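A look at the structure
Residues per chain are reported as follows:
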Amino acid sequence: MDVNAAVAAAAAIAGLCTGVIAMLAFRWSERDQARPTRTSLHTDAVLPPGVDTVLSVLRSSAVVLDESDSVVKASSAAYALGLVRGGKLAVEPMLHMARDTRRDGEIRQVELDLPRRGTGRGEALAVSARVAPLGSRLVLLLVEDLTEARRIEAVRRDFVANVSHELKTPVGALSLLSEAVMGASDDPEAVERFAGRMQIEATRLTNLVQELIDLSRVQNDDPLEDAEPVRVDELVAEAIDRSRHPASTKQITMAAGGTADLHIWGNRGQLAAALGNLVENAVNYSPARTRVGVAARRVSAPGGDLIEIAVTDQGIGISEKDRERVFERFYRVDPARSRATGGTGLGLAIVKHVAASHGGEVTVWSSEGQGSTFTLRLPEAGAVRDRSSTGPNRVDEDDDRPYDTDPNSEIPAPEVLP
């Protein structure tokens, strides 16, 4: 009986101890959960009220550093630029600026070139960094990406320089020719020869000014404001008619095919100018007694059917290194030939802007010595199409073959135009 009582007493004591331990553990857990973590201290207790919200809506990359140079808060853009790694600011010049600002409280700003993260290319990110004190213990770093702004500024600077050069050439020629005419007043043949040259230079100057106006218009205007269904066959006929005289002078045969019952949605004037530039280039860069063809077809695309218009020539072709730059303003594959034909170097730039503003694109295939094919891809005006989805001009989406990349091949159903 005494043994049973002892066992019961021991069990009671063990139960009491277990309960006390469980209660202590529960209280310890509650206290541990109530204790603020480092993250909560940084984001809630350390940051002044409202700062977190303001930083989340800033377009600039934002980083907040504490007195130990640890990152308290960083925007997603700061991580994307590679400014923050492992909870630390990874750009040494910015870190030094932050320490100096923490020491004397002065606002600092600097422009830096940072290596582009995740690429093996030598490109750099141009950024502007501004550091300011945030309270008594924190420092705020704002970083603005200037890469695109610098690129646009470089393009604008090059454009102004090129325009100045291109305008200076015909203006200078006109000045010299006018002096020559005045000095040859007693020689009718010389006057007639110089006057002819003046007319050529005046025409070149007029064309340059007009193309500058056209380029400015297609860059600034929204073509879809005055959009309408435009017949492809009318655009092709207008483009061919525009180059008919120089083509006949060089005995170049011009042909068109596959353009019936196709419509493009867009600004008629801009589309006509773009296609006219492609045909004009094909004629200008083709040798005598060759062939220029224009073909069109409908292709399927996820967002709706597209119309492809290809202009093929048997000209000098374009090298691989030049192919990437032919759509730049004032870039010429063959400057001597371009000046001989009166080219301004703006035609393909206009084509590119027209295609982009209409939701399309322009591509080029070329082989040196064999010719080139420029292809316009533009949205179809499907509302005016009255034909089945299996019509003769339809091409499957998987059929991505360039047409007439062989300059000796035949264009489908060509209509040879004199």
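For the structure, see preceding data.
Residues numbered from 1 in each chain as written. Predicted model: local features only at pLDDT ≥ 70, side-chain atom pairs only at ≥ 80, totals over all residues. Heavy atoms only, no water.

Helix and strand content of the protein chain: 13 helices and 16 strands. Looking at the protein chain as a whole, 38% of its 418 residues qualify as buried. Sequence-distant contacts in the protein chain: of pairs separated by 6 or more residues, those separated by 24 or more amount to 65%. Surface exposure of the protein chain reaches about 23,700 Å², of which carbon and sulfur atoms provide 54%. (Helix = DSSP H or I, 4+ residues; strand = E, 2+ residues; numbered from the N terminus. Buried < 20%, exposed > 50% of the residue type's maximum accessible area, 1.4 Å probe, protein only. Contact = heavy atoms within 4.5 Å. Areas by Shrake-Rupley, 256 points an atom, 1.4 Å probe, with all protein chains shown as cover.)

Ranked by internal contacts, the top residues of the largest apolar core, which has 46 residues, are Val232, Ile264, Ile309 and Val311. At the level of elements, α7 (188–220), α8 (232–242), β9 (253–257), α10 (268–284), β11 (291–299), β12 (306–312), α13 (347–357) and β14 (371–379) are the ones that each hand at least two residues to this core. Looking at which element gives the most residues to this core, the answer is α10, with 8 residues. Here Val311 is in contact with Leu275, Leu278, Val279, Ala282, Val292, Gly293, Val294, Ser372, Thr373 and Phe374, once residues within four sequence places are set aside. Residues Val84, Val91, Met94 and Ala129 belong to the second largest nonpolar core, which totals 23 residues. (Core = buried A, V, L, I, M, F, W, Y, C linked by side-chain atoms within 4.5 Å.)

On to the environment of Leu134, then. On the secondary structure map, Leu134 appears in strand β6 (residues 124–134). The spacing of Leu134 and Arg102 is 32 residues in sequence and 9.1 Å in space, taken between C-alpha atoms. Discounting chain neighbours no more than four positions away, the residues touching Leu134 are Pro48, Val51, Val64, Val139 and Leu140.

With that out of the way, let us pick up a negative patch on the surface. A contiguous patch of negative charge on the surface is contributed by Asp186, Asp187, Glu189 and Glu192. Within the element layout of this structure, Glu192 appears in helix α7. (Patch = residues over 30% accessible without salt bridge, like charges linked within 9 Å, V, L, I, M, F, W, Y side chains within 5 Å. Salt bridge = Lys/Arg side-chain N within 4 Å of Asp/Glu carboxyl O. Lys, Arg positive; Asp, Glu negative; His and termini not counted. Charge placed at Lys NZ, Arg CZ, Asp CG, Glu CD.)

This part covers the sheet that holds strand β5 (residues 108–115). With antiparallel pairing, 5 strands are arranged side by side in an open sheet as β2-β1-β7-β6-β5. The sheet terminates laterally at β2 (71–74) and β5, the two strands that pair on one side only. In this sheet, adjacent strand axes meet at a mean angle of 25° when their direction is disregarded. Note: strand β1 (residues 61–65) against strand β7 (residues 138–145), 5 bridges, orientation antiparallel. (Pairing = 2+ DSSP bridges. Axes fitted to C-alpha atoms, helices over the stretch in contact; angles between N-to-C directions.)

Turning next to α10. The end-to-end C-alpha separation of α10 is 24 Å, in line with the 24 Å expected for 17 residues at 1.5 Å each. Here α10 lies mainly inside the structure; 12 of its 17 residues are buried. Listed in full, the buried residues belonging to α10 are Gln270, Leu271, Ala272, Ala274, Leu275, Gly276, Asn277, Leu278, Val279, Ala282, Val283 and Asn284. Capping of α10 at its N-terminal end is provided by Asn267; its side-chain oxygen lies 3.0 Å from the backbone amide nitrogen of Gly269. (Expected span 1.5 Å × (residues − 1). Polar contact = N/O pair within 3.5 Å; in protein donor to acceptor, adjacent residues only side chain to side chain.)

Across 7 bridges, strand β13 (residues 361–367) lies against β14 in antiparallel orientation. By the bridge assignment for β14, Val364 is matched with Phe374. As consecutive antiparallel partners, β13 and β14 are separated by 3 residues, and within that stretch Gly369 has a phi angle of approximately 80°, a positive value.

Now for the packing of α8 against α10. In contact at an axis separation of 8 Å, α8 and α10 are set at 50° when each is read in the N-to-C sense. Between α8 and α10, the interaxial angle falls into the category oblique. Pair α8 / α10 crosses with right-handed handedness. Residues Glu234, Leu235, Val236, Glu238, Ala239, Ile240 and Arg242 of α8 form the contact with α10, whose own contacting residues are Arg268, Leu271, Ala272, Ala273, Leu275, Gly276, Asn277, Val279 and Glu280. (Parallel < 35°, antiparallel > 145°, perpendicular 65-115°, else oblique. Left-handed = near helix turned anticlockwise from the far one by under 90°.)

This part is about the packing of α10 against α13. Between α10 and α13, the least distance of the axes is 9 Å, while the angle of their chain directions is 140°. Here α10 lies oblique to α13, going by the angle between them. Considering the relative orientation of α10 and α13, their crossing is left-handed. Contact with α10, carried on its side by Gln270, Leu271, Ala274, Asn277, Leu278 and Asn281, involves Gly347, Leu348, Ile350, Val351, Val354 and Ser357 of α13 and no other residues of that element.

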